Amino acid sequence: MMHNRTTEILVGAFMAVGFVALFFLSMQVSNLSSSASGEGYLVDARFDNIGSLKVRAPVTMAGVRVGRVSEISFDAKTFEAVVKLRIEDRYRDAIPDDTFAKIFTAGLLGEQYVGLDAGGSATYLADGSQISLTQSALVLEEIIGQFLFSKAEEGAGIE
Amino acid sequence: MLNQLAALGRIGIGTLQQLGRGHLLLLHILSGVPALFGRPRLLLNQIFAVGVLSLLIVAISGTFVGMVLGLQGYYILSQFGAEQTLGVMVAASLVRELGPVVTALLFAGRAGSALTAEIGLMKATEQLSGLEMMAVNPVKRILTPRFLAGFISMPLLAAIFSALGVIGGYFVGVGLLGVDDGAFWSQMQAKIDLHEDVFNGVIKSLVFGLVCTWIALFQGYSALPTSEGVSRATTRTVVHSSFAVLGLDFILTALMFGE
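Just so it is clear, the model here is predicted, and its values are computed rather than measured.

To continue, consider the sheet that holds strand β4 (residues 80-87) of chain A. If you trace the eight strands from one edge of the open sheet to the other, you get β7-β1-β4-β3-β2-β6-β5-β8 (chain A), paired in mixed fashion. Bordering the open sheet on either side are β7 (130-131) and β8 (133-135) of chain A, each of which pairs with just one other strand.

What follows is the structure, given as structure tokens:
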């Protein structure tokens, strides 16, 4: 009897520790606490070039994450990239509809993300509305190309 | 020439027979699961033997694997000035790969071999036949609780392995090497996805638990009833389980994380 009781206690402890470990992995290690996926409202933004922006990349405002990129597609009519941004519900009716969307890179090697600069409009972004003011990602080769081109022009000007 | 052909055929037929017997045994084992709910104590005792007694080796290995990951990761990442992502590296490699795989290998060595030896000896000493004489189905009475215990214990053990590994990596990275505490956790939380990483790791460990226990039980149940037969079956359990785990891991990873 005593032996059975110890077995029961030990098995119970084992399973409890196992579930605590699973809980730890989901709460502390993964993004469950900050994910809120599936909630929020969708806003479209059209970019000429999104660089290497990925689905699930953060959408930030003043550096604070307010949502995530939920879908990226290509519009074959206008040759633009259509990026669907999922903004968290608590920022509903809080972001003006003339907000400016830019694609930034976090650090030199970091991932790309969408930064929003608030506008001054009194109407707010709602589900399905579109951000019309956008700025494409900076592609390193293009910048270097522009730099070389302007240098060459300068050189030509001196001669 | 014909003899060689016949030998090849014999090998092929033998392998298929083994596979067929294994699957029939698995069906037989699974058919005993409903009856087990009436006798949870059988399951409890097996979870003790399979899970609780494997806890120590899994916990120690997990902690040390995490600590080594912390050290090695730090040395490599610091060359790029990216020590901050140490948490991501440690957690991703543990949750996705090392947790399920290393736990399954340890599980095969610690619990699988014990299961095979136990059942093989039961067979060699004719205890299984004895049960059958008493009209007790030995598969349902002996194998089913062990199978279910392995299936339940394995994901829990893998979760404990990963969790302790992350803590070990935290201890080395933040405690000893001076990675920033907040960056360690926040980068980890930003990059590790609950469904993509954690749940897929749990699915992996469920599959490995099923396969390892199944192989162990099948080897024990089909062992030759001699001392040599039992010892060979035990060896085969560890070897086959390791192969199965490593092979399946590749397939599962390709299915889960390949886009």
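So, about the side chain of Thr60 of chain A. Of note, Thr60 of chain A is situated in strand β2 (residues 58-61). What Thr60 of chain A contacts, discounting residues up to four positions off in sequence, is Arg65, Val66, Tyr113, Val114, Gly115 and Leu116 of chain A.

Residue and element names in this part refer to chain B. Running from N to C, helix α1 (residues 2-31) and helix α7 (residues 138-176) cross one another at 90°; their axes reach a closest spacing of 8 Å. Put simply, α1 runs roughly perpendicular to α7. Packed against α1, whose contacting residues are Leu25, Leu26, His28, Ile29, Leu30 and Ser31, the element α7 presents Val139, Lys140, Leu143, Thr144 and Phe147 at the interface.

Attention shifts here to the layout of surface pockets. Roughly 1,300 Å³ of volume is contained in the largest pocket. Lining the largest pocket are 38 residues, with Arg56, Arg68 and Glu111 of chain A together with Ala190 and Lys191 of chain B positioned closest to its centre. At five residues, the largest contribution of residues to the lining of the largest pocket is made by helix α8 (residues 181-191) of chain B.

Here chain A is partitioned into domain 1 (1-30) and domain 2 (41-145). Taken over C-alpha atoms, the centre of domain 1 of chain A sits 44 Å from the centre of domain 2 of chain A.

Much of the literature gives interface size as the accessible area that the parts lose upon coming together. In this assembly, 30 residues from chain B lie in contact with 24 residues from chain A. Overall, the association of chain B and chain A removes approximately 2,400 Å² of surface from exposure, summing both partners, and the carbon and sulfur fraction of that is 77%. For the chain B face of the interface with chain A, the top three residues by lost area are Leu156, Gln189 and Leu194 of chain B, together amounting to 24%. We note a salt bridge from Arg41 of chain B to Glu8 of chain A, for which the minimum N-O separation is 2.4 Å. Between chain B and chain A we count one residue pair in polar contact (both at pLDDT 80 or more) in total. For the side of chain B that touches chain A, the leading source of residues is α7 of chain B, giving ten residues. Considering only residue class, the side of chain B that touches chain A consists of 22 nonpolar, five polar and three charged.

Residues and elements named next belong to chain B. Checked against the element boundaries, Gly66 lands in helix α4 (residues 55-79). Residue class for Gly66 comes out buried when judged on its relative accessible area of 0%. In the structure, Gly66 is positioned 100 residues away from Val166 in sequence and 5.8 Å away in space, judged by C-alpha atoms. Each residue touching Gly66, except ones within four places of it in the same chain, is listed here: Leu94, Gly165, Gly168 and Gly169.

What follows is about the pairing of strand β6 (residues 112-117) of chain A. All names here are of chain A. By the bridge criterion, three bridges tie β2 to β6 in an arrangement that is parallel. Paired with Val59 across the bridge in β6 is Val114. Taken together, the six bridges between strand β5 (residues 100-105) and β6 define a ladder with antiparallel strand orientation. Pairing of Lys102 across the sheet is with Gly115, part of β6.

About the cut-offs
- Residues numbered from 1 in each chain as written.
- Chains lettered and ligands numbered in written order.
- Predicted model: local features only at pLDDT ≥ 70, side-chain atom pairs only at ≥ 80, totals over all residues.
- Heavy atoms only, no water.
- Pairing = 2+ DSSP bridges.
- Helix = DSSP H or I, 4+ residues; strand = E, 2+ residues; numbered from the N terminus.
- Contact = heavy atoms within 4.5 Å.
- Axes fitted to C-alpha atoms, helices over the stretch in contact; angles between N-to-C directions.
- Parallel < 35°, antiparallel > 145°, perpendicular 65-115°, else oblique.
- 1 Å grid on protein atoms, 1.4 Å probe; cavity = no way out; pocket = protein on both sides within 12 Å on 5 of 7 lines; lining within 4 Å.
- Points joined across faces, edges and corners; volume = space filled by probe spheres on them.
- Domains from an automatic or database assignment.
- Buried area = accessible area lost by both parts, 1.4 Å probe.
- Salt bridge = Lys/Arg side-chain N within 4 Å of Asp/Glu carboxyl O.
- Polar contact = N/O pair within 3.5 Å; in protein donor to acceptor, adjacent residues only side chain to side chain.
- Nonpolar A, V, L, I, M, F, W, Y, C, P; charged D, E, K, R; others polar.
- Buried < 20%, exposed > 50% of the residue type's maximum accessible area, 1.4 Å probe, protein only.

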